[in-house]
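Remarks on the overall topology
Below are the chains, spelled out letter by letter.
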Amino acid sequence: MPWDRNQMAARAADELEDGMYVNLGIGIPTLVANYVGDKDITLQSENGMLGMGPFPFEGEEDPDLINAGKQTITELSRTSYFDSAQSFGMIRGGKIAAAILGAMEVAENGDLANWMIPGKLVKGMGGAMDLVAGVGRVIVVMDHTNKHGDSKVLTECTLPLTGKGVVDRIITNLGVLDVVEGGLKIVELADGVTEEEMRSSTLGNIV
Amino acid sequence: MPWDRNQMAARAADELEDGMYVNLGIGIPTLVANYVGDKDITLQSENGMLGMGPFPFEGEEDPDLINAGKQTITELSRTSYFDSAQSFGMIRGGKIAAAILGAMEVAENGDLANWMIPGKLVKGMGGAMDLVAGVGRVIVVMDHTNKHGDSKVLTECTLPLTGKGVVDRIITNLGVLDVVEGGLKIVELADGVTEEEMRSSTLGNIV
Amino acid sequence: MNKIYPSADAALDGLLSDGMLIAAGGFGLCGIPELLIDALVKSGVKDLTVASNNAGVDDFGLGKLLATRQIKKMMSSYVGENAEFMRQYLSGELELEFNPQGTLAERMRAGGCGIPGFYTKTGVGTVIADGKEVKNWGGQDYILEEGIFADISVVKAWKADDTGNLIFRKTARNFNPPAAMCGKVCIAEVEEIVPRGSLDPDMIHLPGIYVHRLVQGEHEKRIEQRTVRKREEA
Amino acid sequence: MNKIYPSADAALDGLLSDGMLIAAGGFGLCGIPELLIDALVKSGVKDLTVASNNAGVDDFGLGKLLATRQIKKMMSSYVGENAEFMRQYLSGELELEFNPQGTLAERMRAGGCGIPGFYTKTGVGTVIADGKEVKNWGGQDYILEEGIFADISVVKAWKADDTGNLIFRKTARNFNPPAAMCGKVCIAEVEEIVPRGSLDPDMIHLPGIYVHRLVQGEHEKRIEQRTVRKREEA
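Residues numbered from 1 in each chain as written. Chains lettered and ligands numbered in written order. Predicted model: local features only at pLDDT ≥ 70, side-chain atom pairs only at ≥ 80, totals over all residues. Heavy atoms only, no water.

1. Overview of the overall build of chain A
Of the regular secondary structure elements, chain A holds five helices and 12 strands. Its C-alpha atoms give chain A a radius of gyration of 17 Å, within 12% of the compact-globule value 17 Å for 207 residues. When each of the 207 residues of chain A is scored for burial, the buried share is 61%. Taking contacts inside chain A between residues at least 6 apart in sequence as the whole, the part at least 24 apart equals 60%. Per element, the accessible surface of chain A, about 7800 Å² overall, is 48% carbon and sulfur. If the 16 positive side-chain charges of chain A are averaged to one point and the 30 negative ones to another, these points end up 4 Å apart. (Helix = DSSP H or I, 4+ residues; strand = E, 2+ residues; numbered from the N terminus. Rg over C-alpha atoms; globule rule 2.2 N^0.38 Å. Buried < 20%, exposed > 50% of the residue type's maximum accessible area, 1.4 Å probe, protein only. Contact = heavy atoms within 4.5 Å. Areas by Shrake-Rupley, 256 points an atom, 1.4 Å probe, with all protein chains shown as cover. Lys, Arg positive; Asp, Glu negative; His and termini not counted. Charge placed at Lys NZ, Arg CZ, Asp CG, Glu CD.)

2. Focus on the nonpolar core
Core analysis: the largest hydrophobic core is formed by 173 residues, its most contacted members being Ile170 of chain A, Ile170 of chain B, Leu166 of chain C together with Leu166 of chain D. Non-local contacts of Leu166 of chain D, meaning those with residues more than four positions away in its chain, are made with Ala157, Lys159, Ala160, Ala188, Val190, Ile204, His205, Leu206, Val211 and Leu214 of chain D. Core analysis: the second largest hydrophobic core is formed by 40 residues, Ala11, Met20, Leu36 and Val45 of chain C among them. (Core = buried A, V, L, I, M, F, W, Y, C linked by side-chain atoms within 4.5 Å.)

3. Overview of the interface of chain A and chain D
Taken together, the contact between chain A and chain D spans 20 residues of the former and 20 residues of the latter. Where chain A touches chain D, the interface holds zero salt bridges. Connecting chain A to chain D are 10 residue pairs in polar contact (both at pLDDT 80 or more). Put simply, the parts of the chain that give the side of chain A that touches chain D at least two residues each are β4 (75-81) and α3 (84-92) of chain A. Per-class residue counts for the side of chain A that touches chain D are seven nonpolar, seven polar and six charged. (Salt bridge = Lys/Arg side-chain N within 4 Å of Asp/Glu carboxyl O. Polar contact = N/O pair within 3.5 Å; in protein donor to acceptor, adjacent residues only side chain to side chain. Nonpolar A, V, L, I, M, F, W, Y, C, P; charged D, E, K, R; others polar.)

4. Quick look at the side chain of Asn53 of chain D
Residue and element names in this part refer to chain D. Mapping Asn53 onto the fold places it in the loop between β3 (48-51) and α3 (63-67). Look at Asn53 and you get buried, because its relative accessible area is 0%. A distance of 3.0 Å separates a polar atom in the side chain of Asn53 from a polar atom in the side chain of Asn54. Leave out the neighbours within four places in its chain, and Asn53 touches Gly26, Phe27, Ser76, Ser77, Tyr78, Gln101, Leu104 and Phe175.

Dropping the structure here:
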């Protein structure tokens with residue numbers, strides 16, 4: 001049976017190692033925080049914070065304390081605040097070990113599209129282009145296919161790119177793929193998903 | 001009678017206006033601080049401080065509190081500390097209204113040489129190149145001639161430059177010169193110094 | 001040298017002209033210069049180009065300046081919270097220059113630090129790179145991005161002393177320091193002005209040299225996404 | 001994830017190799033990583049390139065690493081306090097790359113921020129511009145300077161918490177933050193390590209993400225120029 005959202009998040013959490021500084025995107029990536037267990041992980045919020053804590057208790061919301069999704073959050077004993085130039089300095093400078101992000105499309109060469117659908121409303125890339133260009137490792141977590149059943153893992157992206165050749169690993173409901181020389185490599189299959197199923201659901205070349 | 005060191009410093013202090021942030025070089029420029037009177041001047045020390053205070057009382061020296069000349073100093077109620085990248089960011093970014101600096105040579109086109117004598121020991125430019133390139137106004141304070149009686153105000157500098165066309169005003173024991181289109185302009189003569197004396201002591205073209 | 005002004009209107013007096021470039025601090029609705037935005041609306045200054053990460057929401061923040069059509073062009077990274085923005089943009093009334101968020105922050109800092117251009121790999125191979133100079137270091141392409149040199153900066157801080165030294169609070173710091181740095185004149189609104197000497201000189205987030213005018217006032221500090229968790233039963 | 005090491009020797013263990021590039025914090029003898037310099041001397045690592053604003057004095061700071069001939073090349077802005085430096089330089093035993101002080105600081109920050117190159121007008125028309133790319137903005141020439149990407153950084157702070165968040169004291173901050181940022185691995189020595197939560201999150205000068213290893217120890221903090229004024233008679 002393919003993984004559900006929580007299983008995908010749990011699998012993504014396995015990518016994280018003790019001591020890592022990590023940036024989590026919105027959607028399924030946000031759930032990853034629930035599965036880090038005892039590992040000493042520090043979450044960055046790119047608006048200017050390391051050591052992001054959970055949502056506040058009702059009545060304790062602080063308008064001066066939000067995450068990159070503009071949600072009210074809390075601080076931890078390890079927290080530090082800094083300005084946006086410093087925040088993206090550490091992103092661009094490769095100090096963030098990993099970013100776990102959602103995607104609209106990923107290509108076999110690691111191209112990523114997750115910020116814009118031409119003809120639809122254009123909201124902007126926010127910090128996504130900086131993150132995929134700068135962090136040590138880019139892990140995409142997404143459903144393998146879109147709501148029409150079309151593969152989101154492609155030979156080539158059709159949407160405007162967020163980054164070129166930036167994705168290292170793709171975690172979907174069907175399993176785990178790595179971007180390698182020449183295409184994609186199956187690292188793991190979700191319980192009960194066959195290699196055939198993975199291959200037939202993937203348009204990008206699996207080596 | 002030509003000005004002495006303190007008179008030159010006092011004349012340089014007249015250049016400063018209320019509210020200015022200013023960087024003073026070593027030598028005569030340091031004395032300028034004694035003549036700012038009631039004006040609200042904030043002194044920058046380029047190693048990372050705004051609001052430089054006087055030397056400490058004996059026994060109150062703090063090894064963590066020095067100026068760019070590595071001398072022990074004190075802080076004031078307006079003081080802020082920052083790192084060297086920020087410090088030179090404000091210098092390069094033109095936030096410092098004026099620098100008052102010593103010089104070995106100044107040319108009629110505003111070229112300045114004050115960091116190196118070839119063949120002698122090379123100590124380095126420190127922050128001088130950043131200051132002359134970045135601050136709003138560069139005022140040189142120096143003796144008009146060297147110890148051999150040769151003019152230090154030249155047609156062209158002979159020593160390696162600190163900056164090209166950077167000097168705005170020159171204050172010497174003989175008076176005040178401005179760097180203008182086509183050469184130097186006499187702004188003021190020290191008491192008892194004649195225009196003839198100023199001209200004959202200056203190799204650079206006086207327009 | 002008095003930097004303290006009695007109102008946001010007074011703090012902007014003599015500084016505004018149509019067509020000018022304004023850098024504004026804030027992220028979402030957090031740490032935005034509410035009072036100065038209101039004063040800009042009141043001033044009627046128009047054809048503005050505004051460099052700000054976001055464009056507010058329809059009735060708060062920079063959205064107010066959009067509603068009055070005082071903005072000609074936005075330089076932003078994300079404008080998804082603002083329906084009026086979209087309407088004006090899609091109808092061609094408003095220009096929009098998208099900047100990756102970190103590139104925008106660094107461009108502001110660069111302008112403030114006298115750096116007219118710097119290279120970054122952010123955006124390489126995307127539409128952001130279109131028309132930009134490319135240079136290769138170690139086999140990797142980088143694009144040239146330019147410093148932003150604003151006419152004025154409008155920012156919001158938590159506390160100031162009377163010499164203009166600023167302290168921000170939590171994530172309300174965000175774009176405020178780089179925005180403040182890149183303006184020829186910077187006007188800061190704060191929740192509290194304290195006498196010089198009240199702030200620890202080691203703990204100043206933005207030295208007063210960057211701050212030309214100060215105004216103190218009450219802030220609404222609207223929350224955009226109120227997310228909470230339940231208290232566990234004891 | 002423990003970042004605290006029992007000694008400076010232990011904190012450098014496994015990180016050193018001959019010919020490596022080290023970025024060092026400090027200005028003059030103020031805020032220099034005394035303990036880590038001693039440990040570098042002890043380690044015997046050689047052919048080092050060291051990026052540091054100054055080179056210490058003959059018997060203190062980086063002067064100790066010069067005395068043992070472990071440094072092949074210095075990247076500095078001012079080396080006037082060190083006679084042994086001059087001897088080695090003039091005899092051709094030591095390479096020297098002069099950087100204007102602000103350019104050196106910005107090159108370190110740039111390296112730490114993933115910026116391989118930036119333009120500055122500092123040094124235009126001087127020997128510093130020799131061989132460097134020039135670009136013109138608005139009639140003014142600027143030269144291209146490159147980010148410094150160091151193998152390790154050695155820095156000195158005042159306090160750290162156990163997650164590596166650092167606070168500096170007064171002008172001892174100087175080059176320490178930019179030096180820390182540009183190293184693949186940063187080792188920080190501090191006067192005191194406090195438990196996480198002891199430092200105000202708004203008042204961290206350098207977030208722990210930049211600091212990989214920490215060591216606490218006693219510092220001599222030598223004064224280079226002891227200047228004082230007389231107390232006025234009461």
